[in-house]
Amino acid sequence: MLGFLLLVVLLAILRPSEEVYYAWLDKEHGISCGEYNYIDGMGCIKDGQMISQSGSIFSGLTFIKKEMKYKGIEDGTVYKVNTVGFLNTFF
């Protein structure tokens, strides 16, 4: 029982953070979300174009699931990103 409890605590500690998600998003999809604008908070950029973000996040004790939609403000292109984060990594 103690081993199981320690495993759950370890997995909870290794649940990825928002910073890990945004680094993964930039690396895998070229979407950088470090820009801040005063209208709606954090903004994202892809290929020099501002994009909006919306979607849902399910955060469990040991994992996080994100179903996000990023939409180009200028041309309306939609990028759908569905991912699961586990062991400090997103898949």
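Residues numbered from 1 in each chain as written. Predicted model: local features only at pLDDT ≥ 70, side-chain atom pairs only at ≥ 80, totals over all residues. Heavy atoms only, no water.

Trainee: How would you summarise the nonpolar core if you had to cite specific residues and measurements?
Mentor: Residues Y21, W24, L25, I31, C33, C44, I51, I64, M68, Y70, V81 and F90 constitute the largest nonpolar core, which totals 12 residues. Going through the elements one at a time, α2 (18-29) and β4 (63-72) are the ones with two or more residues in this core. Not counting the four nearest positions on each side in its chain, I51 is found in contact with I31, C44, I45, K46, Y70, K71, G72 and I73. (Core = buried A, V, L, I, M, F, W, Y, C linked by side-chain atoms within 4.5 Å. Buried < 20%, exposed > 50% of the residue type's maximum accessible area, 1.4 Å probe, protein only. Helix = DSSP H or I, 4+ residues; strand = E, 2+ residues; numbered from the N terminus. Contact = heavy atoms within 4.5 Å.)

Trainee: Summarise the environment of S59; cite the residues concerned and give the values.
Mentor: With respect to the helices, strands and loops of the structure, S59 is situated in strand β3 (residues 49-59). Residues S59 and V84, spaced 25 residues apart in sequence, show a C-alpha to C-alpha distance of 9.8 Å. With residues near it in sequence (within four places) discarded, S59 still touches R15 and I64. Among the polar contacts listed, one links the side chain of S59 to the side chain of R15, at a separation of 2.7 Å. (Polar contact = N/O pair within 3.5 Å; in protein donor to acceptor, adjacent residues only side chain to side chain.)

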